[in-house]
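One letter stands for each residue in the lines below.
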Amino acid sequence: SQQAQGPFRLRVLGNPGFEATRFDFVSALANEQAVKVWNDVAGELQPCPLVDEVRARTGGLHGPVARPRRHHACPGERAVAVTLIEDQDYRARRCMLVDAPRGGSIVLEFQGVPSSRKLRGFAGFSYFNGRDGVGQQVELTLAEAGRELGQHRAEAARGWVRFEVARPEPSSTVTLRVRRLADEPGDFCFALEAR
Amino acid sequence: MKRLRLLLRDRADAAIALGLFAGYLALLLATAGSLGFMRDEGFYFTAARAYGKWFELLWSSPGEALSPAVTDRYWTVNHEHPSLLKGLFALSNRFLAGFFAQPSSSFRFPAMALSSLAVALTYLWGARLFGRMAGLVAALSFAFMPRVFFHAHLACFDLPVATLWLVTSYAYSRSLASGRALLVVLTGLAYGLLLDTKHNAWLFPFALGLHFALTQGWALANDLRSGRPWWRRLPPAWASMLLLGPLVLYALWPWLWHDTAQRLRDYVRFHTQHEYYNMEFLGRTYWQPPLPRAYAWLMTLSTVSLVTLVLAAIGAGAFLRRFSQHQARSDCTLWGASILIGYAPWLSPSTPIFGGTKHWLTAYPFVCLFAGLGFVHVCQALRELLPRLARPALVAGCVLVGPAVMTLHAHPFALSAYTPLVGGAPGAASLGLNRTFWGYTTQSLAPFIDHGAPTRGRVYVHDTALASFAMFQEDGRLRRDLRATLDIATSDVALYHHEPHMSRVEHQIWTDYGTLGPSAIATFDGVPVAWAYVRRQAGARQERALPAAPAP
């Protein structure tokens, strides 16, 4: 439908394929809802506790995206937090930033995830710094109840890319493993919903 | 009697040219205070200060100043660009600062003076060939191009190089017409100054080559076929430019005095392998080749008044129709060659586009000279069709009022201003044309920053160079207790100058400041151009009611 609202024209569009979001992983991390974060190097797990720093960390135009004051702090001043990156059209994407270690992984375990048919996500890197396509790659593995659901490999130059995995036997605990494949860390960030 | 008439005519034209020069310069000085400082101006202020110190040392201790190590220490600053303008900025600041209310004007003054010279010379050239009114229309059409008026204020090189291209072209044209040795020498010297201004000068010989081919090419070919001394057709000014040009460049640029060959190579390499900065065009951000070939043409159409372009097309068309017999064949061919060569690099998809329209400003005086010729033909047509309306002053007023209004309305947002052809600034923003760059629009947020920042507050400057921010403070446009920073996380106020690729900066501000809503927005014709955020836990000043968003 359309209606005029002062100088504006309001168009209301319906989505014929609407699927309700049953669980938003980004909001869960932002709200500190039943999520644990570990650093995994050579099988050695170290927790990444929530910390409140005096200031956020920002990089300006050519530097890293913002790491908020409050974030999960992993060894080596790496962070896991909800932040914003820009996609290939320089639009803001709210997502879970994960600074994976070289030669290792970051594991995020979400509990209390309701059952659903699938997990739908988007993943990418801060496009401005990654668009030259050199050296930024990450592998995201999704699992629940010990079963791998699928993998998605993100490359910076590809921008913000959608992926989906089915949940044949949903359980309430979903584990996400972010493994860095390249030397350059980059600003890897992803969003995920249970639908 | 004829000589007396010519003398009186020349003096009248000189007086009009002087009036145009003085009037335009006065207008630039009067409007400079509302125009902020570009990123590049900050770099050139810094360079000028360094060169100024060297000049002082040269005066007090020439032996020391001229030693290689000392020369290099000062002239290494910003050595990727030649010295002439920065040296003039330094000298102007040293000797003329006391004449200006704001220090920045003393740096900007030489570029303003050169820009005004371009207006005056455009008049003289147009008047010489096609009459006084044609010259006035040409000069004022140039003066009141919004982007020309904008660049004319700046302590940069873009309008000065257009001026010196025009000066060298004029001297060259006169040397061809008269053959006088003085003009031949002056052409060489002028070319040296052009070389020492900006690397657009490298294209100038191609314009002369094209001009020669079009005006002498056939005759030269005949000479070659018949064994006649073809070399006598070569303009003497070419030898003058070849000899004197590099000498002047070398003499006036101390950075080249040592390790000359390597430094020249580095200079050329810097510009031929320049990094591609980002530029939005039709909704897409370009940052590497292939770059859009339509860029130069569409940006010209969307930023130059249509009436000027139509007049120029009429003038160029009228000239081409009578090319072989036209009374001003050589000069008009030179104008056309300068326009074509000025735009030619953008036939390649590898040519950078990040500087917007300033890349081809050298073509604009010649576009306006053709506009002057077009004006003459329009008046002639009106005399035949509508004799009662065929009053040159009336017609001139009609063709100039639009550009003048557009230019004055656009100030100081000329980089955001577009013509009605694309819907003005709002239409251009919708089309995805560049909204702003260079970080100068901090000026429009200055009242808000002064009011909203805490005492000794830190201001994240975003695209404003630190040296430019310092000039804001030195001029008294921003509080001197404020501290500029490049770190959002430690800032109290964060500025944002919008370009799509810059959005990641704003995202960092949102994340760190915890808000999506700016506290002040600078707009032009309703289009947001730059805005500012204030951190909620800033100091006592924030408790006062903030002023409304600054007017454009």
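To be clear, the structure that these remarks concern was listed above.
A short tour of the structure in this document, coming up. (Residues numbered from 1 in each chain as written. Chains lettered and ligands numbered in written order. Predicted model: local features only at pLDDT ≥ 70, side-chain atom pairs only at ≥ 80, totals over all residues. Heavy atoms only, no water.)

**Remarks on the sheet that holds strand S7 (residues 527-534) of chain B**
Residue and element names in this part refer to chain B. One open sheet accounts for 5 strands, arranged S4-S3-S5-S7-S6; its pairing is mixed. In the strand order of this sheet, the two ends are held by strand S4 (483-485) and strand S6 (520-524), each with one partner. Put simply, the sheet's adjacent strands are angled 20° from each other on average, direction ignored. (Pairing = 2+ DSSP bridges. Helix = DSSP H or I, 4+ residues; strand = E, 2+ residues; numbered from the N terminus. Axes fitted to C-alpha atoms, helices over the stretch in contact; angles between N-to-C directions.)

**Some remarks on the packing of helix H1 (residues 2-31) of chain B against helix H7 (residues 132-143) of chain B**
Residue and element names in this part refer to chain B. Two numbers describe how H1 lies on H7: the axes approach to 12 Å, and their chain directions differ by 15°. The orientation of H1 relative to H7 falls into the category roughly parallel. The two elements H1 and H7 meet at a crossing, and its hand is right-handed. Residue-level inspection shows Arg9, Ala12, Asp13, Ile16, Leu20 and Tyr24 of H1 in contact with H7, the latter providing Arg132, Leu136, Ala139, Leu140 and Ala143. Taken together, the residues that form the contact of H1 with H7 break down as 8 nonpolar, no polar and 3 charged. (Parallel < 35°, antiparallel > 145°, perpendicular 65-115°, else oblique. Left-handed = near helix turned anticlockwise from the far one by under 90°. Contact = heavy atoms within 4.5 Å. Nonpolar A, V, L, I, M, F, W, Y, C, P; charged D, E, K, R; others polar.)

**Side note on the interface of chain A and chain B**
Quite often, the size of an interface is put as the accessible area lost when its parts meet. The interface of chain A with chain B comprises 26 residues on the first partner and 20 residues on the second. For chain A, the biggest contributors to the area lost against chain B are Thr58, Leu61 and Tyr90 of chain A; these three give 33% of the whole. On the surface where chain A and chain B come into contact, there are 2 salt bridges. Notably, a salt bridge pairs arginine 504 of chain B with aspartate 187 of chain A, separated by 3.7 Å at the nearest N-O pair. Counting across the chain A and chain B interface gives 11 residue pairs in polar contact (both at pLDDT 80 or more). Listed by contribution, the elements that provide at least two residues to the side of chain A that touches chain B are strand S8 (78-86) and helix H2 (127-130) of chain A. Broken down by element, the residue count for the side of chain A that touches chain B peaks at 4 residues, all from S8 of chain A. A breakdown of the residues in the side of chain A that touches chain B according to their chemical character gives 12 nonpolar, 8 polar and 6 charged. (Buried area = accessible area lost by both parts, 1.4 Å probe. Salt bridge = Lys/Arg side-chain N within 4 Å of Asp/Glu carboxyl O. Polar contact = N/O pair within 3.5 Å; in protein donor to acceptor, adjacent residues only side chain to side chain.)

**Here we look at empty space enclosed by the protein**
Residues and elements named next belong to chain B. With the rule as written, the count across this model stands at 2 cavities of 30 Å³ or more. In this model, the largest cavity occupies a volume close to 40 Å³. As for the largest cavity, its lining consists of Ser416, Tyr418, Ala425, Ala428, Ala429, Leu433, Asn434, Arg435 and Val527. The biggest single contributor to the lining of the largest cavity is helix H19 (residues 424-431), with 3 residues. Tallied by class, the residues present in the lining of the largest cavity amount to 6 nonpolar, 2 polar and 1 charged. (1 Å grid on protein atoms, 1.4 Å probe; cavity = no way out; pocket = protein on both sides within 12 Å on 5 of 7 lines; lining within 4 Å. Points joined across faces, edges and corners; volume = space filled by probe spheres on them.)

**Concerning a nonpolar patch on the surface**
Residues and elements named next belong to chain B. A surface patch of nonpolar side chains, about 410 Å² in accessible area, is lined by Leu301, Leu306, Val310, Ile314 and Leu421. For the nonpolar patch, the leading source of residues is helix H15 (residues 306-321), giving 3 residues. Along the chain, leucine 301 falls in helix H14 (residues 295-303). (Patch = residues over 30% accessible without salt bridge, like charges linked within 9 Å, V, L, I, M, F, W, Y side chains within 5 Å. Areas by Shrake-Rupley, 256 points an atom, 1.4 Å probe, with all protein chains shown as cover.)

**A short note on the pairing of strand S4 (residues 35-41) of chain A**
Residue and element names in this part refer to chain A. Pairing analysis gives 6 bridges linking S4 to strand S10 (residues 105-110), with the strands arranged antiparallel. Bridging across to S10, lysine 36 finds its partner in glutamate 109. Sheet topology note: the S4/strand S5 (residues 44-47) ladder contains 4 bridges and is antiparallel. Across the sheet, asparagine 39 pairs through a bridge with glutamine 46, a residue of S5. Linking S4 to S5, which pair antiparallel, is a turn of 2 residues; within it alanine 42 sits at a positive phi near 55°.

**Section: the layout of surface pockets**
One simple way to see leftover space: roll a probe sized like a water molecule over the atoms. If you add up the space inside the second largest pocket, you get close to 620 Å³. Taken together, 32 residues line the second largest pocket, and the ones lying closest to its centre are Pro68, Arg69 and Arg70 of chain A together with Thr511 and Asp512 of chain B. Those elements that place two or more of their residues in the lining of the second largest pocket are helix H1 (25-30), strand S7 (70-74) and S8 of chain A together with helix H22 (503-513) of chain B. With 5 residues, S8 of chain A is the single largest residue contributor to the lining of the second largest pocket. Grouping the amino acids of the lining of the second largest pocket by side-chain chemistry returns 14 nonpolar, 9 polar and 9 charged.

**Let's talk about unusual backbone geometry**
Residues and elements named next belong to chain B. For the bond from proline 289 to proline 290, the omega torsion is 0°, close enough to zero to count as cis. At asparagine 78, a position not held by glycine, the phi torsion is positive, near 55°. Within the element layout of this structure, asparagine 78 appears in the loop between helix H4 (68-75) and helix H5 (84-96). Backbone geometry at aspartate 525 places phi at a positive 50°, although glycine is not the residue there. Among the structural elements, aspartate 525 can be located in the loop between S6 and S7.

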